[in-house]
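Read off the chains here:
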Amino acid sequence: MFGEDINNYHLRTVMRETKSTVVHLAQYKQNGQFLVIKRSKEPSPTEFQLTQNEIAVMRQLNHPNILKLESAFVHGLDIYLVHRCMKFGSCKDVMDRFLIVGFPENVASIIARDVLLAIDYLHKRGYVHRSIRASHILLDDIAVLTGFKEAVNMIQNGKRVRQLYSLAESPKELIWAAPEVLEQNLCGYTEKSDIYSFGITMCELGNNITPFQEMGNTLMLTEKLKGNQPSLLDCSTYAVDTTLEEDGANADGDMVNCFATRKIYANRKLSDPFHNFVEICLQRDPNARPSADKLLGHPFIKQSKYTNLRQELGEELKIDTLNAIFNIPDSELSAMIDNMQNVAINNITDFEWNF
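Report on the accompanying structure. (Residues numbered from 1 in each chain as written. Predicted model: local features only at pLDDT ≥ 70, side-chain atom pairs only at ≥ 80, totals over all residues. Heavy atoms only, no water.)

## Points about the pairing of strand 3 (residues 34–40)
What counts is decided by this rule: Exposure is judged per residue with a 1.4 Å probe applied to protein chains only, and the accessible area is read against the type maximum: over 50% gives exposed, under 20% gives buried, and values in between give partly exposed. Secondary structure is summarised from DSSP: a helix means a run of H or I of at least four residues, a strand means a run of E of at least two, and numbering begins at the N terminus for each. DSSP-based pairing: two strands are paired if at least 2 bridges between them are found.
The buried count for strand 3 comes to 7 of 7 residues, which makes it a mostly enclosed element. Side chains F34, V36, K38 and S40 project from strand 3 onto one buried face, and the interleaved L35, I37 and R39 project onto a second face that is buried too. Where strand 2 (residues 21–28) and strand 3 come together, 7 bridges link them in antiparallel fashion. In the sheet register, V23 faces strand 3, and the bridge partner there is K38. Here strand 2 folds back onto strand 3, and the loop between the two strands holds 5 residues, one of which, G32, carries a positive phi near 75°.

This is the structure:
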């Protein structure tokens, strides 16, 4: 449907840029449809191999809860990947800009259901994602899973292997990695490692805090191998230190906001099914973790009442979509995107447009 010539696209503005990647909001000239284009700038051999794997994997997949690769092509020394535009961006982006203590439980349940459908589809086809996290879940009417650079297939040479042994290339993935992945022993790991990563992701969605993020790699490995689990923060797992609260009465604005956030955690009550759902995903023994198919029957998932995330996010939570920027002139659009990035930076977070 979409061409493989960069001249077919009007690149409206840069939404995110790193040393190696630029994410553009673009418009297809033939029909005016808005798209997101990720450009890998003169990729290194390792980055080229990861992008090549991402393209190969995504072209094998066809599921409504997996982001579709609309087109991929090379222009000059750069690689371009074309995706449809997901109106709310990533879960990480939505939380950083609108939801300081994470998604409401009913919305988290809807997102979890959609992502589990994608994970179940992948696992039944032999794929292990190896990079499930909040920034790799994009939101529109439904939640879709992306981030397939590190994905690997357990079906090799026509046979399904029992274990995998390789680590993901990116050291950032270690935070979400299962204990058996980090152990690097002869037992290896299976698709159940994705379930552990999904449990970490659910803590992200419930708390807007990434577990183990502040730990060094050695301490993180030790904690995971001991079986210590992160948890959802509410009145049953978290209490505000009143002494610290009194000391912070005359503190600056950032400290006051910190105490206010802690109070929200300590005063809210999340359901037992939500707590149990996270606990069984994060079990130390991979054989004790349920499959994605079994998790779809969990009471936490069954409480999902709405199928349309846009209604929940847009109408109930009043979260803006990217629709508002589609008709803005290019000269004003760049300034608006810069302002959105500055908001994220001021909140000590990364503005995520991660595919």
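## What about the packing of aromatic side chains?
Heads up, the condition is: When two rings of Phe, Tyr or Trp (its six-membered ring) have centres within 6.5 Å they constitute a pair, described as stacked for plane angles under 30 degrees, edge-to-face for angles over 60, and tilted for the intermediate range.
Evaluated as defined, the whole model comprises 8 aromatic pairs. Taken together, a centroid distance of 4.9 Å and an interplanar angle of 75° make the contact between F2 and Y28 edge-to-face. Placement of F2 in the segment before strand 1 (9–17) and of Y28 in strand 2 is noted, with a sequence separation of 26 residues between them. By relative accessible area, which is 7% here, F2 ends up buried.

## Focus on helix 9 (residues 272–281)
In plain terms, the rule: The contact criterion used is simple: two residues touch if any of their non-hydrogen atoms lie within 4.5 Å.
Along helix 9, the residues that are buried comprise F274, H275, F277, V278, I280 and C281. Residues of helix 9 that are buried make contact with helix 3 (105–124), helix 5 (192–207), helix 10 (292–295) and helix 11 (299–302).

## Side note on the pattern of salt bridges
Where side chains of opposite charge bring their charged atoms close, a pairing between them can arise. Note the threshold: What makes a salt bridge here is a side-chain nitrogen of Lys or Arg within 4 Å of a carboxyl oxygen of Asp or Glu, nothing more.
Going through the model one piece at a time under the given rule, you end up with 17 salt bridges. The salt bridge partner of E17 is K41, with a shortest N-O separation of 3.3 Å. With E17 in strand 1 and K41 in the loop between strand 3 and helix 1 (45–58), this pair connects stretches of sequence that are 24 residues apart. The exposure class assigned to K41 is partly exposed, which follows from its relative accessible area of 22%. Residue R160 is joined to E191 by a salt bridge in which the shortest nitrogen-to-oxygen separation is 3.6 Å. Here the residue R160 occupies a position in strand 12 (residues 159–160), and E191 occupies one in the loop between helix 4 (179–183) and helix 5, the gap between them amounting to 31 residues. In this structure R160 comes out as partly exposed when scored by relative accessible area, which is 43%. Each of K87, D140, D141 and R310 takes part in one network of salt bridges that share partners.

## Section: the sheet that holds strand 2
What counts is decided by this rule: Here an angle of 0 to 180 degrees is reported between the N-to-C directions of two axes, which are lines fitted to C-alpha atoms, with helices fitted over the stretch in contact.
Sheet architecture is open: 5 strands sit in the order 1-2-3-5-4, paired in antiparallel fashion. A single partner strand is all that each edge strand has here, and the edge strands are strand 1 and strand 4 (71–75). Strand-to-strand twist in this sheet, taken as the mean axis angle between neighbours without regard to direction, amounts to 30°. Bridging between strand 4 and strand 5 (residues 78–84) involves 5 bridges; their strand directions are antiparallel. Within strand 5, the residue paired with F73 across the bridge is Y80. Set on the sheet, helix 1 makes contact with strand 3, strand 4 and strand 5; between it and strand 5 the angle comes to about 35°.

## Quick notes on the pairing of strand 2
Strand 2 sits mainly inside the fold: 7 of its 8 residues count as buried. Pairing of strand 1 with strand 2 involves 7 bridges; the strand directions are antiparallel. Note that in strand 2 the partner of L11 across the bridge is A26. The hairpin turn running from strand 1 into strand 2, its antiparallel successor, is 3 residues long.

## Quick look at the sheet that holds strand 6 (residues 89–90)
The antiparallel open sheet is built from 3 strands, whose spatial order is 6-8-9. In this open sheet, the two strands that pair with only one neighbour each are strand 6 and strand 9 (143–145). Pairing analysis gives 2 bridges linking strand 6 to strand 8 (residues 137–139), with the strands arranged antiparallel. Among the inter-strand pairings, G89 is bridged to a residue of strand 8, identified as L139. Contacting strand 8 and strand 9, helix 3 runs over the sheet at an angle of about 35° to strand 9.

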